[in-house]
There are 2 protein chains.
Amino acid sequence: MVVLATSVQVTAARAAREAYRAGHATPTSGIAAGLTQANLIAVPADWAFETLLYAQRNPKPCPVLEVIEPGQVESVLAPGSDIRTDIGRYRIWRDGELTSETTDATAAWEEHPDLVAFLIGCSFTFETGLVDAGIPIRHQELGRNVPMYRTNIDCTPAGRLRGEMVVSMRPIPAGRVADAVQISGRTPAVHGAPVHIGDPASLGVADLSRPDFGDAPEMREGEIPVFWACGVTPQAAIMASKPPFAVTHAPGYMFITDVPDAEYIV
Amino acid sequence: MVVLATSVQVTAARAAREAYRAGHATPTSGIAAGLTQANLIAVPADWAFETLLYAQRNPKPCPVLEVIEPGQVESVLAPGSDIRTDIGRYRIWRDGELTSETTDATAAWEEHPDLVAFLIGCSFTFETGLVDAGIPIRHQELGRNVPMYRTNIDCTPAGRLRGEMVVSMRPIPAGRVADAVQISGRTPAVHGAPVHIGDPASLGVADLSRPDFGDAPEMREGEIPVFWACGVTPQAAIMASKPPFAVTHAPGYMFITDVPDAEYIV
């Protein structure tokens, strides 16, 4: 059973989706606060089982919130939505190569009417809990996109799909790291507790100031880099596994649902 | 990454699997205590995506712990195991009808070499936490199978799969019900918090003393019937949806893994 937000909250979500549908494109961090945002990966039906299995085997980076079947374009998490248009910026992938970005993926669905769309949980959901607990979220404060990094952690393969884990990073004051672990750990459906705390090098991240996706972070005195599994991981799987066609969101440009973040707290 | 138990615990699990492989058949409640047990549903490859999607859409009754692909018979949760033989009692289903029970499902896999096996979390996992907290588990005390009931709650369909939710029931002293909710709620990967507390009638259960699966319960003064989503739910989906072929465990006769229950606590 899907629990939707109050009408006031939903008004903000709907307004955001309508703006994106009209072609507006900005990162969604902090938009429609308190409502769950989601990553998108859509693949041809022939790849759907392996994609769902890849998610089941790698639940920290790929927690599935919803699967939208072929012929459907409305998310049950956002009544009235259209998955082809309601994300600010899409990426189109062919044979594992990013071939274009667009603000409207309708043509992609016309080209591949059998696309199966997966909505994957986003770490923005537990950011609400961190902010509520007085833990600062640097990229929100700076109005930037969260920094994301490819790592040396291999995901568990599923059929033709394989790839490394992508992580997001937040600088957390050393005295609040344990709190951040516990708060995010209560949302296992949206990446849960961190996968790595401190020491970027052992994660295969050579230079924090050069993220693979999103914007560079600003680390301050006394802060520890804390890494969470990230819903951009399926895009790394696309690059490594080269399905003939795929559509994703652009990192940081999420799908906004009508579901309160609190729904995903254990 | 799969975390396995210590060698002492694993010895008990392996001994149990070897006994079942040799044809021994008893319910597994209380066997290899502290190790995770799992429900089984195996379907032809053509039904695998819908089965995994049904589980994704109904995570409380159908939390997937592992998917064993065609051609594989060993569970990564139990190295050295054989999913065709290591459960005490199997059920064979044809067109939605239970046609036979057996202690060895090798012939089923020979008949359908493309079977995909799903291991689904079991409420026995959080029973460990309840017992540790001093909450009595009646069916364990009595050496009986847990009572299970078909309900009037419809699961969310997925393709050709539909069916009602099956629940397990434990009588809990009224003063411990809240504790039981919180303890089981910390294991969302194995059914999590109850779906219903008290009032069997509104769940469509007319008579607690006549469960659809397992043994009759013994309710005592001051106890409330507490209902958890149950991993027998896929068997109800088989009955309602009539796939041409399926193999499941017999209710209460679970697959014993080498994974500590604690692995599934949030």
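Structure first, text after, so check above.
Note that the structure is a prediction, hence the values are computed from the model and not measured.

Chemist: Would you explain unusual backbone geometry in this entry?
Modeler: If a residue is not glycine, its phi is most likely negative; likewise, a peptide bond is most likely trans. Residue and element names in this part refer to chain A. At Asp 95, a residue that is not glycine, the phi angle is positive and equals roughly 50°. Mapped onto the secondary structure, Asp 95 falls in the loop between strand S3 (90-94) and strand S4 (97-102). Of note in the backbone geometry, Asp 199 takes a positive phi value of approximately 45° without being a glycine. Mapping Asp 199 onto the fold places it in the loop between strand S8 (196-197) and strand S9 (223-229). For Asp 199, a relative accessible area of 48% gives the class partly exposed.

Chemist: When you look at the relation of the copies chain B and chain A in this model, what are you seeing that I'm missing?
Modeler: Each of the two chain copies can be generated from the other by rotation about an axis followed by a shift along it. Its rotation angle being 180°, the transformation that places chain B on chain A also includes 0.0 Å of axial translation and leaves an RMSD of 0.0 Å. What the superposition gives is, in effect, a two-fold axis relating one chain to the other. It is Phe49(B) whose C-alpha, among those of chain B, lies nearest the rotation axis, at 2.4 Å. A shared interface surface links the copies, since 100% of the contact residues of chain B are contact residues in chain A too.

Chemist: How should the pairing of strand S3 (residues 90-94) of chain B be read in this particular structure?
Modeler: Consecutive residues of a regular strand have side chains that alternate between opposite faces of the sheet. All names here are of chain B. Most of S3 is tucked away: four of the five residues are buried. Across five bridges, the pairing between S3 and strand S4 (residues 97-102) is antiparallel. The residue of S4 that forms the bridge with Arg 94 is Glu 97. Looking at chain direction, S3 and strand S10 (residues 245-249) are connected through five bridges and run antiparallel. When the sheet's bridge partners are listed, Ile 92 is paired in S10 with Val 247.

Chemist: Help me out: how do you make sense of the sheet that holds strand S7 (residues 164-173) of chain B in this one?
Modeler: The strands that make up a sheet pair up through hydrogen bonds in the backbone, lying either parallel or antiparallel. All names here are of chain B. Spatially, the four strands line up as an open sheet ordered S6-S7-S9-S8, and their pairing is antiparallel. The open sheet terminates on both sides in strands that have one partner only, identified here as strand S6 (148-154) and strand S8 (196-197). Bridge analysis of S7 against strand S9 (residues 223-229) gives seven bridges, and the strand direction is antiparallel. Pairing of Ser 168 across the sheet is with Trp 228, part of S9. Packed on one face of the sheet, helix H6 (residues 177-185) meets S7, S8 and S9 and runs near 15° to S9.

Rules used throughout
- Residues numbered from 1 in each chain as written.
- Chains lettered and ligands numbered in written order.
- Predicted model: local features only at pLDDT ≥ 70, side-chain atom pairs only at ≥ 80, totals over all residues.
- Heavy atoms only, no water.
- Helix = DSSP H or I, 4+ residues; strand = E, 2+ residues; numbered from the N terminus.
- Buried < 20%, exposed > 50% of the residue type's maximum accessible area, 1.4 Å probe, protein only.
- Least-squares fit on C-alpha atoms with pLDDT ≥ 70 in both.
- Contact = heavy atoms within 4.5 Å.
- Pairing = 2+ DSSP bridges.
- Axes fitted to C-alpha atoms, helices over the stretch in contact; angles between N-to-C directions.

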